[in-house]
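Coordinate analysis (summary)
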Amino acid sequence: MTEVATLTSLSAATLPARPATNAGALSAAALLVAIGAGYLGREVGGRQASLFLVGVFAGGVLYHAAFGFTSSWRSFITAGRGAGLRAQMLMLALTCAVFFPLLAQGQVFGQVVRGSVSPLSVSVVVGAFLFGIGMQLGGGCASGTLYTAGGGNTRMLLTLAAFIAGSVIGTAHMPWWTAAPAVKPISLVASLGAWPALALSVAVFGALAIVTIIVERRRHGALQSIASAPAASQLLRGPWPLVAGAVGLSIVNIATLLLAGRPWGVTSAFALWGAKALAAAGGNVAAWPYWSTPAQAASLRAPIAADVTSVMDLGIILGAFGAAGLAGKFAPAWRVSPRSAAAAIVGGVLLGYGARIAYGCNIGAYFSGIASGSLHGWLWLVAAFIGSIAGTRLRPVFGLSR
């Protein structure tokens, strides 16, 4: 997800001296979270307030575990280190174990639940490939952009702004992409049943983890751990091992399914924010085919507070803000080199455009798609990983290290 280095096994004895908690950042984050939850509970409802708090929890998990898709994929591509990928396979296995039976059942406690199942299409292949390039140039994926921006990484604000712009451009081109060749959505849960689908998926997760183990041992002789036990002082202030990030993000997606009736997503909110901004500036966004469908037209008319993805995204930012304050690491640096800024902008536009035409990002398409049993999630993973290889090779053009 981010440029934050993937954590390895660190004992308490090897940890450097810890900076003092940034009380100002922590207090500001806590106040904003309290105001946000109170407002949502009063104006929208308890369910929306709860989803906001799930987002806050996600931001804390992402920050403390430095749970990265972007950096972990690049680490495997360039150095053969697979700890991050193994943690992702664990995250997927845990989530599928809960999702598949619930999705097969169709409802939980009276709440209808549905998966993120989309077509296998040219748009998924192209969009995910562009997203993979954008991850490596922009320095993060969707959730990674949010949590690092919330944690004080000012370069990621450029990536986020460009991400939003690219998302809006993607909505303008959606009619063309939806007309491109596609195979109808395929759900393993619907096709095979919950338990056979789970067995098959877990077998694939295990096989991919084994591949990373073989590659890493051949290149380095030993494996990076994903499960080191954190010291007591690390529970609140971090850093956390990758396994904690895998479990935490699994909890986030399960909670989202139970509360919202559908899996976790991130990038649809970026398109909505950009479209609202463009409409406020006088653009006739409502006339675009994408925004003319009943669901999207309703979202465009409604306040941001009514959008589940938006409130969760804002929660991620505030959760990471508070986590950075707890860790004593919230210290924004406003100087960004021109080449790095250019990479952030180009990468952000590719991220936004790619996510829109590919039916989601690393969260909505990869994580939630695969956890829903959708084959488009696997197609997205392959195309985005190939895009990440290309993006990694392009990084030196912008003065970024591989």
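Our structure is the block above this text.
Read on for an overview of the structure. Note that the coordinates shown come from a computational prediction; the quantities given were computed from them, not determined experimentally.

**Observations concerning the overall build of the chain**
Helix and strand counts for the chain stand at 18 helices and four strands. Its C-alpha atoms give the chain a radius of gyration of 20 Å, within 12% of the compact-globule value 21 Å for 402 residues. Based on the C-alpha atoms only, the size of the chain along its principal axes is roughly 60 × 50 × 50 Å. Here the chain holds 402 residues, and the buried ones make up 53% of them. In the chain, the share of contacts with a sequence separation of at least 24, taken over all contacts with a separation of at least 6, comes to 82%.

**Topic: the packing of helix 6 (residues 142–150) against helix 15 (residues 308–327)**
Orientation of helix 6 relative to helix 15, taken along the N-to-C sense of each, is 40°, at an axis distance of 7 Å. In this view, helix 6 runs oblique relative to helix 15, as classed from their interaxial angle. As helix 6 runs across helix 15, the sense of the crossing is right-handed. Across the interface between the two elements, S143, L146, Y147 and G150 of helix 6 pack against D313, I316, I317, A320 and F321 of helix 15.

**Concerning unusual backbone geometry**
Residues other than glycine seldom take positive phi values, yet A66 does so here, at roughly 45°. Note that A66 resides in the loop between helix 2 (46–65) and helix 3 (70–79). Under the relative-accessibility criterion, A66 is labelled buried at 4%. Positive phi values are uncommon outside glycine, yet F109 reaches one of about 50°. Within the element layout of this structure, F109 appears in the loop between strand 1 (107–108) and strand 2 (111–112).

**A short note on the nonpolar core**
Among the nonpolar cores identified, the biggest contains 77 residues, and F67, W73, F131, W264, Y366 and W380 are the most heavily contacted of them. If you tally residues by element for this core, the top one is helix 4 (residues 83–105), at eleven residues. Setting aside residues no more than four positions away along its own chain, F131 makes contact with C141, A142, F163, L350, L351, G354, A355, C361, N362 and W380.

**Let's talk about the layout of surface pockets**
Here the largest pocket is characterised by a volume of approximately 910 Å³. Taken together, 35 residues line the largest pocket, and the ones lying closest to its centre are R114, S268, Y290, Q296 and R356. For the lining of the largest pocket, the secondary-structure elements that each account for two or more residues are helix 7 (155–178), helix 12 (268–280), helix 13 (289–292), helix 14 (294–301) and helix 15. Considering only residue class, the lining of the largest pocket consists of 17 nonpolar, 14 polar and four charged.

**Side note on the state of the cysteines**
Counted by the stated rule, this structure contains zero disulfides. Note on C96: no disulfide assigned, nearest cysteine sulfur contributed by C361 at a separation of 17 Å. You can see C141 has no disulfide; the closest cysteine sulfur is in C361, sitting 6.8 Å from it.

Calculation criteria
All residue numbers refer to position in the chain's written sequence, counted from 1. Only residues with pLDDT of at least 70 are given local features in this predicted model, and only at 80 or more are side-chain atom pairs given and counted; all residues enter the totals for whole chains, interfaces and linings. Based on all heavy atoms of the structure, the side-chain values leave hydrogens and waters out of the count. Numbering of helices and strands runs from the N terminus, with a helix taken as a DSSP run of H or I at least four residues long and a strand as a DSSP run of E at least two residues long. Throughout, the radius of gyration refers to the C-alpha atoms, and the reference size of a globule is 2.2 Å times the residue count to the power 0.38. We call a residue buried when its accessible area falls under 20% of the maximum for its residue type, exposed when it is over 50%, and partly exposed in between, using a 1.4 Å probe and counting protein chains only. In what follows, a contact means two residues having at least one pair of non-hydrogen atoms within 4.5 Å. With axes taken as lines fitted to C-alpha atoms, and helix axes fitted only over the stretch in contact, angles between N-to-C directions fall between 0 and 180 degrees. Roughly parallel here means an angle under 35 degrees, roughly antiparallel means over 145, roughly perpendicular means 65 to 115, and every remaining angle is called oblique. Each helix crossing is assigned a hand: it is left-handed if the near helix lies turned anticlockwise from the far helix by less than a right angle, otherwise right-handed if that turn is clockwise. Here, nonpolar core means buried Ala, Val, Leu, Ile, Met, Phe, Trp, Tyr and Cys residues that are tied together by side-chain atoms lying within 4.5 Å of each other. In this analysis, the protein atoms alone were mapped onto a 1 Å grid. Cavities are point sets where a 1.4 Å probe fits without being able to get out; pockets are open sets with protein on both sides within 12 Å along at least five of seven lines; lining residues have an atom within 4 Å of a point. Grid points are joined across faces, edges and corners, and a volume is the space filled by probe spheres set on the points. Gly is put with the polar residues, along with every residue not named as nonpolar or charged; the nonpolar set is Ala, Val, Leu, Ile, Met, Phe, Trp, Tyr, Cys and Pro, and the charged set is Asp, Glu, Lys and Arg. Throughout, a disulfide means two cysteine sulfur atoms within 2.5 Å of one another.

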